[in-house]
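Structural features, examined
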Amino acid sequence: MKRYTTASVLALAVMAGPAWADLTPQQVWDDFESYMAGFGYAMTANESMDGSTLTVSDVTMTVPIPEEEGAEVKVIMPQLSFADNGDGSVNVSYPDVSDIVVNLLEDGETFAEIIVTMTQSNVVVNVAGSPGDMTYTYSGDSIALELTRVFGEGEEITRDMLSATMAMGPLSGTSHITKDDAFRSVEQDVTYGDLTYDVKFQDPDNSQNTGLFNGQLRGLKGSGGTVLPNEIDYEDPTAMFKNGGSVDVVISHTGGRTDFTVQEPSGATVGKFSSTGGEFGIAVSEQELTYAVSGTGQTVSLSGPEIPLPINAQVDEMGFALTMPLSPADAPQDASLSVVLANFVMDDMLWNIFDPGQTLPRDPATVALNLDAKVSPLVSLLDTEKMEEMAMNGGMPGELHSVTLSDFVVDMVGGVILGEGSFDFDMSDFTTIPGVPRPEGELNLSVSGANGIIDKLISMGLMGEEDAMGARMMLSMFTVPGDEPDTATSKIEINAEGHILANGQRIQ
């Protein structure tokens, strides 16, 4: 699978720490207020100066929830401390306990409320540098979140009915933040330590319905860059990118697990998932989107009353990566798609459902491919109004000019298919092949073990002789024998006249 360069989301920049960018305590606090106002927060607080330390108490930050009328989120901190270190830097200390409150309002009254308590241990941010060009160094033992209240429709949901906790640490890292009249740019490299979570629930109407989810991610890290316009319309999730913003960050871990149990009157459904590592990345700008996710050493185990047989499987590597242009340009732009599932193995119990005699080879299976293309968006894919209008009118958001297939592999049950090829598309000709832009190019395939698989399927009773004969005839129509036993090659061409040829013989 091709290598890819990717990165992370706006949330990571917020998690890494606020973007304070001045050297005196008052300047740091003022810039923090300005920063949060840019995210749409209204802030209230009391300030007091004692020597070289600024104490900000009773801090409340309130922001409406987009597209949810009468809903708001409040962050309540008892106290923040901004201490002048006497060397041109400022230390910012957080309170041990803060609250994040979600309120749903009706006629100015709260009818539903969720409170999450955040506890922090020895979290300190050191701010150094010069105005508009600052470096932030983070340290801390841990940050933890706990669901402490859920209230709605006049009823309190107690912690024995629903509880949730999450914790991570130790934390360390740096952010380099620059700011001008238009943008705030953040380059960061932060280690979050080990992240753990635990969720439990019980149906208030039936105590026999319960659930438990818990898990861990080890060695959680985030790195990359974010460019934030100083003024953003947060009612529009794409506004940041339309105004010159971008995100380019990678989040990775060195292994993790998730365990769950859902208990019902019919029995318990139990699942276990684990991995030896993983990575998630996203890079977004007005011009392009890149998204990628990968994992190594993944295992899955499932059993329960609704699952006929226990499921146990593992895969050495899984990956998915997508790159696509988002805005029109003067020339066709690059797009790509990569998929890999390497060395997939499932439990013998699953194999025995359809192959009790172990006729088929049970070697690890691999499926992989890379697609590269040239495309031309006709409208900005970030323009939701134009995209909706185009969808309603049956229009296409872009044009496809070429596709190249490489590293195509299907390797399973004793057979292997390898392939590569490329096609160009004439967007002015939709008549040679009705409804499709006329393609021109070729696809080359090599196949091994196909007849052996057919023989095994016959002996297993999964394929009849007539079906096998039809399959062999189709194989002979589209392939020519290879140099080794039970191998074949195929060359599928589409020429300028729209004719389809298989190994030089016209079939359409």
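Refer to the structure above for everything that follows.
This report concerns the structure included in the present document. (Residues numbered from 1 in each chain as written. Predicted model: local features only at pLDDT ≥ 70, side-chain atom pairs only at ≥ 80, totals over all residues. Heavy atoms only, no water.)

**A look at the overall build of the protein**
What counts here: Secondary structure follows DSSP: runs of H or I at least 4 residues long count as helices, runs of E at least 2 residues long count as strands, and numbering of each begins at the N terminus. Here the term buried applies to any residue with accessible area under 20% of the maximum for its type, exposed to any over 50%, and partly exposed to those in between, with areas from a 1.4 Å probe on protein chains only. What makes two residues a contact is simply this: any of their non-hydrogen atoms within 4.5 Å. Under the convention used here, a 1.4 Å probe and the Shrake-Rupley method define accessible areas, while residue burial counts only the protein chains that appear. Only four residue types enter the charge count: Lys and Arg as positive, Asp and Glu as negative, with His and the chain ends excluded. To locate a charge, take atom NZ for lysine, CZ for arginine, CG for aspartate or CD for glutamate.
When you go through the protein residue by residue, the secondary structure sums to seven helices and 29 strands. Seen through its C-alpha atoms, the protein measures out along the principal axes to roughly 90 × 60 × 50 Å. Here the protein holds 508 residues, and 34% of them are scored as buried. Put simply, of all contacts in the protein between residues at least 6 apart along the chain, 58% involve residues at least 24 apart. When the accessible surface of the protein is summed, it comes to about 26,500 Å², and 56% of that surface belongs to carbon and sulfur atoms. With 21 positive and 76 negative side-chain charges, the protein shows a spacing of 7 Å between the two charge centroids.

**So, the environment of Ser130**
Take Ser130: it is sitting in strand β7 (residues 124-130). With relative accessibility at 34%, the residue Ser130 sits in the partly exposed group. Sequence separation between Ser130 and Ala502 is 372 residues, and the spatial gap between their C-alpha atoms is 68 Å.

**With respect to the pairing of strand β21 (residues 333-346)**
Counted only if it meets this: What makes two strands pair is DSSP finding at least two bridges between them.
Where strand β20 (residues 307-325) and β21 come together, 10 bridges link them in antiparallel fashion. Bridge pairing in β21 links Val315 to Phe344. Relative to strand β22 (residues 365-377), β21 is paired through 10 bridges, and the arrangement is antiparallel. In the strand pairing of β22, Val339 is matched with Leu369.

**Quick notes on the packing of helix α6 (residues 450-460) against helix α7 (residues 465-478)**
Defined as follows: Only the contacting stretch of a helix is used when fitting its axis, a line to C-alpha atoms as for every element, and angles between N-to-C directions run 0 to 180 degrees. When describing relative orientation, an angle under 35 degrees is termed roughly parallel and one over 145 degrees roughly antiparallel, while 65 to 115 degrees is termed roughly perpendicular and anything else oblique. Residues are sorted three ways: Asp, Glu, Lys and Arg are charged, Ala, Val, Leu, Ile, Met, Phe, Trp, Tyr, Cys and Pro are nonpolar, and all the rest, Gly among them, are polar.
It is at 10 Å that the axes of α6 and α7 come closest, and there the two elements cross at 170°. Considered as vectors, α6 and α7 are oriented roughly antiparallel to each other. On the side of α6, the interface is formed by Ala450, Asn451, Ile454, Asp455 and Ile458, while α7 contributes Glu465, Ala468, Ala471, Arg472 and Leu475. Class assignment for the residues of the contact of α6 with α7 results in six nonpolar, one polar and three charged.

**Some words on unusual backbone geometry**
Residues Gly169 and Pro170 are joined by a peptide bond in cis, for which omega reads -5°. As for its placement among the helices and strands, Pro170 is situated in the loop between β11 (162-169) and β12 (171-179). Of note in the backbone geometry, Asp58 takes a positive phi value of approximately 50° without being a glycine. When you line up the elements, Asp58 lands in strand β2 (residues 53-64). Of note in this structure, Asn503 is not a glycine but carries a positive phi near 55°.

**Topic: the pattern of salt bridges**
Let me state the cut-off plainly: The salt bridge definition used is simple: a Lys or Arg side-chain nitrogen within 4 Å of an Asp or Glu carboxyl oxygen.
On inspection of all chains with the given rule, the structure shows 13 salt bridges. When the shortest N-O distance is used, the salt bridge between Glu113 and Arg149 registers 2.4 Å. Taken together, the residues span a long stretch of sequence, with Glu113 in strand β6 (residues 109-121) and Arg149 in strand β9 (residues 142-152) at a distance of 36 residues. Here Glu113 falls in the buried class, since its relative accessible area comes to 16%. The partner of Asp426 in a salt bridge is Arg438, and the shortest N-O contact between them spans 3.3 Å. Placement of the pair is Asp426 in strand β24 (residues 415-426) and Arg438 in strand β25 (residues 438-448), with a sequence separation of 12 residues. Take Asp426: its relative accessible area is 24%, and that puts it in the partly exposed class. For Arg438, a relative accessible area of 12% gives the class buried.

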